[in-house]
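In case you want the letters, here they are:
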Amino acid sequence: MQKASWRTCNHTEELAIQHPADEKLQEKAWGAVVPLVGKLKKFYEFSQRLGKLKHLEREQALAKQFAEILHFTLRFDELKMTNPAIQNDFSYYRRTLSRMRINNVPAEGENEVNNELANRMSLFYAEATPMLKTLSDATTKFVSENKNLPIENTTDCLSTMASVCRVMLETPEYRSRFTNEETGNGGCHNTL
């Protein structure tokens, strides 16, 4: 994940809302919000793929990937919780798209989100921590669908990950190996 940021278009949206007859403002606000909704759509689609992760207990490389997914999840949710512009931008997009459909104005751009997907995305982004909820739901689903596996396998896996991170943070030799911004101590802190 790139350094956490969200370029908002709140000011442009506010002006467009205040001056609905100004076509140039409407076009400018629409042009600003469509790429942002494209990002939201990609994050939502990624969250849907999280529910399909399996076989972490058998493949060590996947365990590392799971740790990276957890790190991403926590960073994403932190960004979402600290930036209300994400939901505001998506709400503006939905209102404007609805108005465009009513007025038979074609919505240009590859990032258009249909009503069904927009409703699912709205419910997703309405959660305080949407990625963590998705990950938690996927873990719960995995445990409930695999009754033949002892639940201890899942709890032991999560416990081991937390223990490894704790040791990495407590041991200066290990801690010094993780200094870059993308995978640094924040990953271990977040995973714990």
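Starting afresh in each chain, residues are numbered from 1 along the sequence in its written order. Per-residue local features of the predicted model are confined to residues with pLDDT of at least 70, and side-chain atom pairs are confined, for both listing and counting, to 80 or more; whole-chain, interface and lining totals are unaffected and use all residues. Here the side-chain values reflect all heavy atoms present in the structure, with hydrogen atoms and water set aside.

Glancing now at the packing of helix 1 (residues 10–18) against helix 4 (residues 85–102). At their nearest, the axes of helix 1 and helix 4 sit 10 Å apart, and the two run at 35 degrees to each other. Crossing handedness for the pair helix 1 and helix 4: left-handed. Counting all contacts with helix 1, which are made through Asn-10, Glu-13, Ala-16 and Ile-17, the residues of helix 4 involved are Ala-85, Asn-88, Asp-89, Tyr-92 and Arg-95. Under the scheme applied here, ten amino acids are nonpolar (Ala, Val, Leu, Ile, Met, Phe, Trp, Tyr, Cys and Pro), four are charged (Asp, Glu, Lys and Arg), and all others, including Gly, are polar. Across the contact of helix 1 with helix 4, the residue classes break down as four nonpolar, two polar and three charged. Angles shown run from 0 to 180 degrees and are taken between the N-to-C directions of axes, each axis being a line fitted to C-alpha atoms and, for helices, limited to the stretch in contact. Labels follow the DSSP assignment, with helices taken as runs of H or I lasting at least four residues and strands as runs of E lasting at least two, numbered in each case from the N terminus. Two helices that cross are described as forming a left-handed crossing if the nearer one is turned anticlockwise from the farther one by less than a right angle, and a right-handed crossing if clockwise. By definition in these notes, contact holds between two residues if any of their heavy atoms fall within 4.5 Å.

Bringing the packing of helix 4 against helix 5 (residues 115–126) into the picture now. Direction vectors running N to C along helix 4 and helix 5 enclose 160 degrees, while the axes themselves pass 11 Å from each other. On the basis of the axis angle, helix 4 is roughly antiparallel to helix 5. By crossing handedness, the relation of helix 4 to helix 5 is classed as left-handed. Here helix 4 contributes Ile-86, Gln-87, Phe-90, Arg-94 and Arg-101 to the contact with helix 5, which in turn contributes Asn-115, Ala-118, Asn-119, Met-121, Ser-122, Tyr-125 and Ala-126. For the contact of helix 4 with helix 5, the per-class residue count stands at six nonpolar, four polar and two charged. By the definition adopted for this analysis, an angle is roughly parallel if under 35 degrees, roughly antiparallel if over 145, roughly perpendicular if from 65 to 115, and oblique otherwise.

So, on to the nonpolar core. Core analysis: the largest hydrophobic core is formed by 24 residues, its most contacted members being Trp-30, Phe-90, Tyr-93, Val-113, Met-121 and Tyr-125. Elements represented by at least two residues in this core include exactly helix 2 (23–50), helix 3 (60–82), helix 4 and helix 5. Tallying contributions element by element places helix 2 first for this core, with seven residues. We call a set of buried Ala, Val, Leu, Ile, Met, Phe, Trp, Tyr and Cys residues a nonpolar core when their side-chain atoms join them within 4.5 Å. For each residue, the accessible area found with a 1.4 Å probe, counting protein chains only, is set against the maximum for its type, and the residue is called buried under 20%, exposed over 50%, and partly exposed in between.

This paragraph deals with the pattern of salt bridges. When the charged atoms of two side chains with opposite charge come close together, those side chains can pair. Counted as salt bridges are all cases of a side-chain nitrogen of Lys or Arg within 4 Å of a carboxyl oxygen of Asp or Glu. Inspection of the entire model under this criterion finds three salt bridges. As a salt-bridge pair, Arg-120 and Glu-116 come within 2.9 Å of each other at their nearest N and O atoms. Within this pair, Arg-120 and its partner Glu-116 are both found in helix 5, separated by four residues, close to a single helical turn. Accessibility expressed as a relative area gives 54% for Glu-116, which makes it exposed. Ionic pairing is found between Lys-141 and Glu-145, a salt bridge with its closest N-O pair at 3.9 Å. Here Lys-141 and its partner Glu-145 are both found in helix 6 (residues 130–145), four residues apart, which amounts to about one turn of the helix.

Take helix 5 next. Multiply 1.5 Å by the residue count of a helix minus one, and that product is the helix's expected span. Taking 1.5 Å per residue as the helical rise, helix 5 with its twelve residues ought to reach 16 Å, and the 16 Å between its terminal C-alpha atoms agrees with that figure. By the burial criterion, the buried members of helix 5 are Leu-117, Ala-118, Met-121, Phe-124 and Tyr-125. Viewed end-on, helix 5 has its buried residues packed into an arc of 120 degrees, placing them on one side of the element. In this structure, helix 5 carries Asn-115, Glu-116, Leu-123 and Ala-126 as exposed residues pointing more than 90 degrees from its buried face. An arc is given here, and it is the one of the directions from the helix axis to the C-beta atoms.

If you check helix 4, its first and last C-alpha atoms are 25 Å apart, about what 18 residues at 1.5 Å a residue would give, namely 26 Å. Asn-104 lies just past helix 4 and shows a positive phi near 55 degrees.

Here we take up the packing of aromatic side chains. Side-chain rings of Phe, Tyr and Trp (the six-membered ring for Trp) are treated as a pair once their centres are within 6.5 Å; stacked means planes under 30 degrees apart, edge-to-face means over 60, and tilted covers the remaining angles. On inspection of all chains with the given rule, the structure shows eight aromatic pairs. Aromatic pair Trp-30 and Tyr-93: ring centres 5.0 Å apart, planes at 10 degrees, arrangement stacked. Placement of the pair is Trp-30 in helix 2 and Tyr-93 in helix 4, with a sequence separation of 63 residues. An aromatic cluster is present here, built from Phe-43, Tyr-44, Phe-72, Phe-76, Phe-124 and Tyr-125 joined pairwise through their rings.

What follows deals with unusual backbone geometry. Positive phi, normally seen in glycine, also occurs at Asn-104, with a value near 55 degrees. For Asn-104, the position within the fold is in the loop between helix 4 and helix 5.

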